[in-house]
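Below, each chain spelled out in residue letters.
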Amino acid sequence: MAISISIPNYTPLPFLYLLLFSSYHLPILSINVTDLLTSYPDLSDFTNLLTTTGVASDLAHRTSVTILAVPNAFLRSSSADLTPGNHPSSSSLADVIRYQVLLEYLSLSDLRRMPSAGKLVTTLFQTTGRAASNSGTVNITFNPSSDAVTIYSPTSNATLLALIKTLPYNISIFSINSLLVPYNLDLMASETRPPLGLNITKALIDGHQFNVAASMLQASGVVSEFEAHENGAGITLFVPTDDAFADLPSSVKLQSLPADQKAQVLRFHVLNCYYPLGSLESIVNPVQPTLATEQYGATSFTLNISRVNGSVGIDTGIVQASVTQTVFDQKPVAIFGVSKVLLPREFFGKNPIEVNKPVTAGAQPPDIALSPEPGMYSPAGRVSSPAGMEIRSVAAAEKLGLQRLLLSLWCLWLNYLYLWR
């Protein structure tokens, strides 16, 4: 028996439009903290610290955060003067700034509902793996008699001054009267140290199951590049085991690649930053550039790193590998064994690029046989949105435009039915 569906004469079209729009998912918005703070000159020093320490970029793909910003006058009068011209330990400074970021959205009314005994709230510092126990948390209390909100750490405390900006339910920014410093962190400790001088090839040979990788690194000459990066931000190497090389499909002719492409594949296994295992397990920005990215632009030769089934997963777009062991970890070098050879889609996808023809920044990457997560590698795009908020990808914006076009056509059809029934 056929079933017919009719639209009642009394059904208001705006209600139908509401039903249609309610099924659509808006694109994910990301936070640009520096844009949000540019109109507050009394917070310029704190804004500068967010940028120079890299914490602002850590926040770009987070939602539901609360930032405790310290005005210039209080920042300059703190026990550790952090204004330009002073040079505290850069890694410790970044961790202190992360400690000012709470990993949940709190409105002013939320803060005024805090119990007198306080509530523990996790900070961005806790995600680095460097916070012992729960030292990456702060305790927030509210005193109804004085109407004061106080934030405590084991070694410091601060009082809330004012609400600066809020974008429910993504971000709140409050000003506080003192910098919060985590427990057992010496902000002014010297970070000057002699170069590690690690022989990466020897470290791999000593690991007993990385002989193929050690031979390739030595033959390619890129190992000297890796060791040169030790004196910068450090490096993190993902080294396939001998079994990983043995398990390569027969269709992958890695050893037959030209020398320059083989070197580029090896660079693809290296992050130009030191990440201990704890930081990898809670990494803030999953899409990470590699040493190979430097030549080809920001959207090329990237790795997607996330926590999968209790371990660190690495996705190249065509290969999913996992960290199997720590081979070496002494700042500024971390070396991890991985279960598979990390094959870049730029060479092993359906449309490989030429190694001597760098990809223009922002160009669309080649198609691959096994697609990554939607939007994972899409170049960032902008549409009209509140200051400090961005559409996460061009693909999301295009999808939204198509959805709106289909909605418009459907609504016109409903109007036609309504007027000419």
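Residues numbered from 1 in each chain as written. Predicted model: local features only at pLDDT ≥ 70, side-chain atom pairs only at ≥ 80, totals over all residues. Heavy atoms only, no water.

### Overview of the pairing of strand β12 (residues 302-308)
Now for step 1: Bridge count for strand β11 (residues 287-289) against β12 is three bridges, and the pairing is antiparallel. Residue pairing in the sheet places glutamine 288 in a bridge with leucine 303 of β12.
Now for step 2: Here five bridges tie β12 to strand β13 (residues 311-315), and the two strands are oriented antiparallel to one another. Across the sheet, isoleucine 305 pairs through a bridge with isoleucine 314, a residue of β13. (Pairing = 2+ DSSP bridges. Helix = DSSP H or I, 4+ residues; strand = E, 2+ residues; numbered from the N terminus.)

### Overview of the nonpolar core
Where a protein is soluble and globular, its nonpolar side chains tend to be buried together.
Now for step 1: With 54 residues, the main nonpolar core has Ile200, Phe226, Leu237, Phe238, Leu254 and Ile335 as its most contacted residues.
Now for step 2: Ranked by the residues each element gives to this core, the list is headed by strand β15 (residues 333-338), at five residues.
Now for step 3: Excluding its chain neighbours within four sequence positions, the residues that come into contact with isoleucine 335 are Leu198, Ile200, Ala203, Leu204, Leu237, Val239, Gln325, Thr326, Val327 and Phe328.
Now for step 4: Grouped together as the second largest cluster of nonpolar side chains are 45 residues, Val65, Val121, Phe125 and Phe174 included. (Core = buried A, V, L, I, M, F, W, Y, C linked by side-chain atoms within 4.5 Å. Buried < 20%, exposed > 50% of the residue type's maximum accessible area, 1.4 Å probe, protein only. Contact = heavy atoms within 4.5 Å.)

### Remarks on the sheet that holds β15
Hydrogen bonds between backbone groups are what pair the strands of a sheet, and the pairing can be parallel or antiparallel.
Now for step 1: One open sheet accounts for seven strands, arranged β10-β9-β15-β14-β13-β12-β11; its pairing is mixed. Across the chains shown, the open sheet's two edge strands, defined by having one partner strand only, are β10 (270-271) and β11.
Now for step 2: Sheet topology places strand β9 (residues 235-240) next to β15; six bridges connect them, and they run parallel. Within β15, the residue paired with valine 239 across the bridge is glycine 337.

### Concerning the environment of threonine 236
Now for step 1: Within the element layout of this structure, threonine 236 appears in strand β9.
Now for step 2: Judged by relative accessible area, which is 0%, threonine 236 ranks as buried.
Now for step 3: With 100 residues separating them in the primary sequence, threonine 236 and phenylalanine 336 have C-alpha atoms 7.7 Å apart.
Now for step 4: Apart from the residues lying within four places of it in its own chain, the contact partners of threonine 236 are His269, Val270, Leu271, Cys273, Tyr274, Tyr275, Ala334 and Phe336.
Now for step 5: At a separation of 2.7 Å, a polar atom in the side chain of threonine 236 contacts the main-chain carbonyl oxygen of cysteine 273.
Now for step 6: Within the local environment of threonine 236, its side chain forms a polar contact with the backbone nitrogen of tyrosine 275, the two atoms lying 2.8 Å apart. (Polar contact = N/O pair within 3.5 Å; in protein donor to acceptor, adjacent residues only side chain to side chain.)

### Considerations on the sheet that holds strand β8 (residues 171-176)
Now for step 1: In spatial order, the strands read β3-β2-β8-β7-β6-β5-β4; together these seven strands make up an open sheet with mixed pairing. Across the chains shown, the open sheet's two edge strands, defined by having one partner strand only, are β3 (101-102) and β4 (119-122).

### Structural notes on unusual backbone geometry
Now for step 1: Residue tyrosine 169 is reached from proline 168 by a cis peptide bond, and omega for that bond is -10°.
Now for step 2: As for its placement among the helices and strands, tyrosine 169 is situated in the loop between β7 (157-167) and β8.
Now for step 3: At serine 64, a position not held by glycine, the phi torsion is positive, near 60°.
Now for step 4: If you trace the backbone, serine 64 turns up in the loop between α4 (55-59) and β2 (65-69).
Now for step 5: Positive phi outside glycine occurs at phenylalanine 301, with the angle close to 55°.
Now for step 6: Mapped onto the elements of the fold, phenylalanine 301 is located in the loop between α14 (293-296) and β12.

### With respect to the environment of arginine 112
Now for step 1: As for its placement among the helices and strands, arginine 112 is situated in the loop between α7 (108-111) and β4.
Now for step 2: Classification of arginine 112 as partly exposed rests on a relative accessible area of 41%.
Now for step 3: Spatially, the C-alpha atom of arginine 112 lies 7.9 Å from that of proline 144, the residues being 32 residues apart in sequence.
Now for step 4: Each residue touching arginine 112, except ones within four places of it in the same chain, is listed here: Phe142 and Asp147.

### Comments concerning empty space enclosed by the protein
Now for step 1: All chains considered together, the criterion is met by two cavities of 30 Å³ or more.
Now for step 2: Considering only enclosed or pocket space, the largest cavity measures out at about 110 Å³ in volume.
Now for step 3: For the largest cavity, the lining is made up of 15 residues, of which Leu217, Phe238, Pro240, Leu266 and His269 are closest to its centre.
Now for step 4: Looking at the lining of the largest cavity, the elements with two or more residues in it are α9 (211-220), β9 and α12 (259-267).
Now for step 5: For the lining of the largest cavity, the element with the most residues is β9, which contributes four residues.
Now for step 6: Split by residue class, the lining of the largest cavity holds 14 nonpolar, one polar and no charged.
Now for step 7: Space inside the second largest cavity adds up to approximately 40 Å³. (1 Å grid on protein atoms, 1.4 Å probe; cavity = no way out; pocket = protein on both sides within 12 Å on 5 of 7 lines; lining within 4 Å. Points joined across faces, edges and corners; volume = space filled by probe spheres on them. Nonpolar A, V, L, I, M, F, W, Y, C, P; charged D, E, K, R; others polar.)

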